[in-house]
Amino acid sequence: MTLRERFAPERLIATACEETGHDDFGADGWQPGLDLVADGLVNEAQLSPIGVEVAYLDLMRALKNRLDVIDWRKQHPEVAAKGIDSPIVIVGQPRTGTTILYDLLAQDPDLRAPLTWEVDAPCPVPQPDTYHDDPRIAAAQAGIEMSEQIIPGFMAFHPMGALVGQECVRITASEFTSMIFSVQYRLPSYYRWLLYEADHAGAYRFHRIFLQHLQSGVPGQWLLKSPAHLWQLDTLFAEYPDALIVQTHRDPLNVISSIAALTRHLRRMASDEPDIIECAAQSYEEIAVGLDREMALRDSGKIPTDRVIDVHFADFINDPWTTIRGIYQKLGRELTPGAEQRMRDFLAAHPGDGGRGRYTWSDTGLIAEEVRERVSAYQERYAVPTEQLR
């Protein structure tokens, strides 16, 4: 079978329907994204033999999860009756402390984060009595550990686990309007479509369907996270008008070099020789557009400023507990001693390594003075300090 045949959208769709026994994908609108991803995997991604298999499994999981969730919803219509109330959403540029902040807040038993295992295998609906020992947990963990074997050092770059909160991009992958594809694979046509042309409303509609699905088994106030929301805050608020946003801020230049290194590392799973300079150029374009778009949305009044909490990366790293207490105060929530102790225990067990020289600005091929000028309005607006370049 040729690569084009392997990734033919009609073949992928037919196989997903056959393997799940379902044929209803819900609302239309997701097919153009699948077409673009599939075409890019054939013509642009430079997939290795292992990469072909990894990409195929990614697409099949996204299709099959969509089919399964839609079918479950049809069989259990009461799932759709329960709303998503005041979700707390952590956004900001990637590599600005969003992951560790998310992981710490998720230690609060009063908050509900979508865990990796239930995002990857959402059916049947997770249940409270088996939430921490469901057989799907071991399967998800095995897949993560396999990734570490394929690209050693993967977990150091981006810690993951079956029982850790998952990013929203893994959910919106089933709409095929998700940054997860253009980070993991070299897909220049797709990422520009995603950035400039795609209608993301369908992705957020499916996101709501997915959260309703999960909370029908294990309820709670949602705690969510994805840097990708930064590019679509207006679409997020259109779907969740009562959302509470926590936006992290950091010097974009070190962000760009860090994302470029992470992107190159992730792409090693699927391609033999990913280009760090190409990764950096994509990261720069995306970050510059995202910051401009976010500031314009705030200026336009489309984003309710009283529902956004700004957090500086440097403040958070230097004193995480003052930052977290400030977040809770602005959210109008009580940080209980028990929740804080759980957070402290988690941080002690996951101290991080500060990057350990995994990325340097010189690797990017970008001119620092030009990029600094491009992001100066952002730094001035939010009083983001300039960091020494790594």
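Residues numbered from 1 in each chain as written. Predicted model: local features only at pLDDT ≥ 70, side-chain atom pairs only at ≥ 80, totals over all residues. Heavy atoms only, no water.

## Thoughts on the side chain of Gln 212
Tracing the backbone shows Gln 212 in helix H12 (residues 201-215). Of note is the side chain of Gln 212, whose polar atom sits 2.8 Å from the side chain of Arg 73. Gln 212 has contacts with Arg 73, Val 79, Ala 80, Lys 82 and Ile 84, leaving out every residue within four places of it along the chain. (Helix = DSSP H or I, 4+ residues; strand = E, 2+ residues; numbered from the N terminus. Polar contact = N/O pair within 3.5 Å; in protein donor to acceptor, adjacent residues only side chain to side chain. Contact = heavy atoms within 4.5 Å.)

## Some remarks on the environment of Trp 231
Tracing the chain through its elements places Trp 231 in the loop between strand E3 (221-225) and helix H13 (233-239). Once the C-alpha coordinates of Trp 231 and Thr 263 are considered, the two residues, 32 residues apart in sequence, prove to be 18 Å apart. In this view, Trp 231 contacts Pro 94, Met 179, Leu 195, Glu 286, Ile 287, Val 289, Gly 290 and Arg 293; residues no more than four positions away in its chain are not counted.

## Looking at empty space enclosed by the protein
Applying the stated criterion across every chain yields a total of four cavities of 30 Å³ or more. By volume, the largest cavity amounts to about 210 Å³. Sorting elements by how many residues they give to the lining of the largest cavity places helix H11 (residues 188-196) first, with three residues. Here the lining of the largest cavity is composed, by residue class, of 10 nonpolar, seven polar and two charged. (1 Å grid on protein atoms, 1.4 Å probe; cavity = no way out; pocket = protein on both sides within 12 Å on 5 of 7 lines; lining within 4 Å. Points joined across faces, edges and corners; volume = space filled by probe spheres on them. Nonpolar A, V, L, I, M, F, W, Y, C, P; charged D, E, K, R; others polar.)

## Quick word on unusual backbone geometry
Pro 124 follows Cys 123 through a cis peptide bond whose omega is -5°. Of note, Pro 124 is situated in the loop between helix H6 (116-120) and helix H7 (135-150). In the Ramachandran plot, Ser 86 falls in the positive-phi region, its phi being about 45° despite a non-glycine side chain. With respect to the element layout, Ser 86 can be found in the loop between helix H4 (49-75) and strand E1 (88-92). A residue is classified by how much of its surface remains accessible, and Ser 86, at 24% relative accessible area, is partly exposed. (Buried < 20%, exposed > 50% of the residue type's maximum accessible area, 1.4 Å probe, protein only.)

## A closer look at the packing of aromatic side chains
Using the criterion set out here, one finds eight aromatic pairs in the structure. Feature note: the residues Phe 25, Trp 30, Phe 176, Phe 181, Tyr 190 and Trp 193 constitute an aromatic cluster, connected by ring pairs. Sitting over the ring of Tyr 56, Arg 6 keeps its end group 4.1 Å from the ring centre. A cation over an aromatic ring shows up here: Arg 250 above the ring of Phe 313, its NZ or CZ 4.2 Å from the ring centre. (Phe/Tyr/Trp six-rings, centres within 6.5 Å; stacked < 30°, edge-to-face > 60°. Lys NZ or Arg CZ within 6 Å of the ring centre and 35° of its normal.)

## With respect to the packing of helix H2 (residues 9-20) against helix H3 (residues 31-43)
The geometry of H2 relative to H3 is characterised by a closest axis approach of 10 Å and an angle of 115° between their N-to-C directions. Classified by the angle between their axes, H2 and H3 sit roughly perpendicular to one another. Where H2 approaches H3, its residues Pro 9, Leu 12 and Ile 13 are matched on the opposing element by Leu 34, Asp 35 and Ala 38. Of the residues that constitute the contact of H2 with H3, the class distribution is five nonpolar, no polar and one charged. (Axes fitted to C-alpha atoms, helices over the stretch in contact; angles between N-to-C directions. Parallel < 35°, antiparallel > 145°, perpendicular 65-115°, else oblique.)

## Some remarks on the side chain of Asp 120
For Asp 120, the location among the structural elements is in helix H6. Side-chain polar atoms of Asp 120 contact the side chain of Arg 170, separated by 2.8 Å. When sequence neighbours within four positions are dropped, the list of residues in contact with Asp 120 reads Arg 61, Asn 65 and Arg 170.

## Quick look at the nonpolar core
Counting 56 residues, the largest nonpolar core has Phe 7, Leu 41, Leu 47 and Phe 181 as the members making the most contacts within it. By residue number, the principal contributor to this core is H4, which donates eight residues. In contact with Phe 181, not counting residues within four places along its chain, are Val 37, Leu 59, Ala 173, Phe 176, Leu 187 and Tyr 190. With 25 residues, the next largest nonpolar core counts Ile 84, Ile 245, Ile 303 and Val 308 among its residues. (Core = buried A, V, L, I, M, F, W, Y, C linked by side-chain atoms within 4.5 Å.)

## Quick word on helix H18 (residues 337-349)
Its 13 residues place the ends of H18 18 Å apart at the C-alpha level, agreeing with the 18 Å of an ideal helix rising 1.5 Å per residue. Those residues of H18 that sit buried are Ala 339, Glu 340, Met 343 and Phe 346. In an axial view of H18, the angular spread of the buried residues amounts to 120°, which keeps them on one side of the axis. Of the exposed residues in H18, those oriented more than 90 degrees away from the buried face are Pro 337, Ala 348 and Ala 349. Among the structural elements, helix H5 (98-105) and helix H17 (320-331) are those in contact with the buried residues of H18. (Expected span 1.5 Å × (residues − 1). Arc of directions from axis to C-beta.)

## Looking at a nonpolar patch on the surface
Residues Ile 50, Met 146 and Ile 150 make up a contiguous nonpolar surface patch of about 250 Å² in total accessible area. Relative to the elements of secondary structure, Ile 50 occurs in helix H4. On the accessibility criterion, Ile 50 (46% relative accessible area) is partly exposed. (Patch = residues over 30% accessible without salt bridge, like charges linked within 9 Å, V, L, I, M, F, W, Y side chains within 5 Å. Areas by Shrake-Rupley, 256 points an atom, 1.4 Å probe, with all protein chains shown as cover. Salt bridge = Lys/Arg side-chain N within 4 Å of Asp/Glu carboxyl O.)

## Remarks on the sheet that holds strand E2 (residues 111-112)
Across the sheet, which stays open at both edges, the five strands sit in the order E2-E3-E1-E4-E5 with parallel pairing between neighbours. Either end of the sheet is taken by a strand with one partner, and the two such strands are E2 and strand E5 (308-312). Across five bridges, E1 lies against strand E4 (residues 244-249) in parallel orientation. When the bridges of E4 are listed, Ile 88 appears paired with Leu 244. Its contacts with the sheet put H5 on E1, E2, E3 and E4, and the angle it makes with E3 is roughly 160°. (Pairing = 2+ DSSP bridges.)

Keep in mind that these numbers describe shape and distance, not what the molecule does.
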